[in-house]
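Notes for the structure review
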Amino acid sequence: MSGSDGEKVERTVERVARESYGRLVAYLSVHTQDLAGAEDALSEALLKALTVWPRDGVPQNPEAWLLTTARNSIIDFFRHQRVVLDSEPNLLLLTQNSAKDPLETNYPDERLKLLFVCAHPAIDPAMHTPLMLQAVLGLDAVRISGAFLVSPKTMGQRLVRAKTKIHDGGIRFEVPERRALRRRLDAVLEAIYAAFGIGWDDMAGADQHGRGLAEEAIWLARVLLEQMPGEAEVQGLLALMLHCEARRAARRDQEGRYVPLSEQDPKLWSLPVIEEAERYLAEASKYGRPGRFQLEGAIQSVHAERARGRRVEWKAIVQFYAQLIRISPTIGRQTGYAAALAEASGPEQGLAVLDALDRDVVSAYQPYWAVRAHLLQRLGRTADASDAYDRAIGLAEDPAIRQFLLKKRG
């Protein structure tokens, strides 16, 4: 095989791993009750693919090939350990399925079960979201650590401890009964939205990896809603993500430059997706239990009025942010509140909110400095605005956003 063919196979392995990791790990771990073992078996299968596929060709169904290879690895391990398969119903089922033609394998998607396993109360709550991001969506410790502001080594160690807790604690790989389901729901919603946020940030217009992650998050929310149709916050989360998804085509111009929401052409927004989001928000409102995701979805709904030729009602956005801050006063929500208040009542009002925030807390929060720079610029405080722009530019990880801020700074 030529070098170019080898590179093509490597890209195929990477793509299949990216698209199928969560489904494969979830299926294997549910049937073996062993998350770490499932991940190890899949890793071995991926390494084997890099050796076998260049020699024998890429199989017709790469995902099924990986599943069969990983499954056989697990079965061989248990046999080597002399486990009595008949006493292990899940492993017995795994063994029976391994006899099938891999091209005919039609295995269920078990990711919802794995999400709730990762949200078990016996696991450190701080690790619920990172564990779901890795186990269900295949993100590595490096990418997860960046979102949680810790070193990759520290995040890796914490993930190992969490998986050990699942194994040693005998946590069952199943969707729990309804009362326990509701207790774990907040953690699952947070993880789905975190995945969407990471994918959204990675998209940079045409990045298929980021796009796929965002789409996976929306899919998971839809599956969760089927399981819990009466949960307003599930509907709120789905509405929030769909409102953002509706604007995907407008986030970058034809040259790939970043376009902020206020400058996007609403004609590029997807009205059918917006309308779907609105239906979920309307249904959620019937329950009279407003929560974080419903409120954030409502903020995006106000912005979406531009798609119908209407102006943005900033006072309504200010009210929604005020409710959000009462629920949980995070830096992001307080920064958003300041930006909305500036639009509704003037930059002085918004700047006063920013000035009241703890400088140590906001020192590394890029959106804070971007909003602060914008408001200072509106007030004619050029030198202060330049300093704030410098901080925002230095903290920006997306090159397109960095270029946008450089242009604004002048």
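Values in this document were obtained by computation on a predicted structure and should not be read as measured data. (Residues numbered from 1 in each chain as written. Predicted model: local features only at pLDDT ≥ 70, side-chain atom pairs only at ≥ 80, totals over all residues. Heavy atoms only, no water.)

Observations regarding the overall build of the protein
- Secondary structure assignment for the protein yields 20 helices and zero strands.
- Buried positions account for 48% of the 410 residues belonging to the protein.
- Looking at the protein alone, contacts between residues at least 24 apart form 63% of all its contacts between residues at least 6 apart.
- Carbon together with sulfur atoms contributes 50% to the accessible area of the protein, which is approximately 20300 Å² in total. (Helix = DSSP H or I, 4+ residues; strand = E, 2+ residues; numbered from the N terminus. Buried < 20%, exposed > 50% of the residue type's maximum accessible area, 1.4 Å probe, protein only. Contact = heavy atoms within 4.5 Å. Areas by Shrake-Rupley, 256 points an atom, 1.4 Å probe, with all protein chains shown as cover.)

Description of the side chain of E39
- By the secondary structure assignment, E39 is in helix α2 (residues 35–56).
- Setting aside anything within four residues of it in sequence, one finds E39 in contact with Y21, V25, Q134, A135 and K163.

A word on the packing of helix α14 (residues 314–327) against helix α15 (residues 331–345)
- Put simply, α14 and α15 touch, their axes get as near as 9 Å, and they point 155 degrees apart. Regarding the angle of α14 to α15, the classification is roughly antiparallel. As for the relative orientation of α14 and α15, their crossing is left-handed in sense. Counting all contacts with α14, which are made through W314, K315, I317, V318, Y321, A322, L324 and I325, the residues of α15 involved are R333, Q334, G336, Y337, A340, L341, E343 and A344.
- The class makeup of the residues in the contact of α14 with α15 is eleven nonpolar, two polar and three charged. (Axes fitted to C-alpha atoms, helices over the stretch in contact; angles between N-to-C directions. Parallel < 35°, antiparallel > 145°, perpendicular 65-115°, else oblique. Left-handed = near helix turned anticlockwise from the far one by under 90°. Nonpolar A, V, L, I, M, F, W, Y, C, P; charged D, E, K, R; others polar.)

Let's talk about the packing of aromatic side chains
- Taken as a whole and assessed by the stated rule, the structure comprises five aromatic pairs.
- Judged by centre distance (5.3 Å) and plane angle (70 degrees), the rings of W53 and W65 are edge-to-face. Residue W53 is found in helix α2, and its partner W65 is found in helix α3 (residues 62–80); the two are separated by twelve residues along the sequence.
- On the accessibility criterion, W53 (1% relative accessible area) is buried. (Phe/Tyr/Trp six-rings, centres within 6.5 Å; stacked < 30°, edge-to-face > 60°.)

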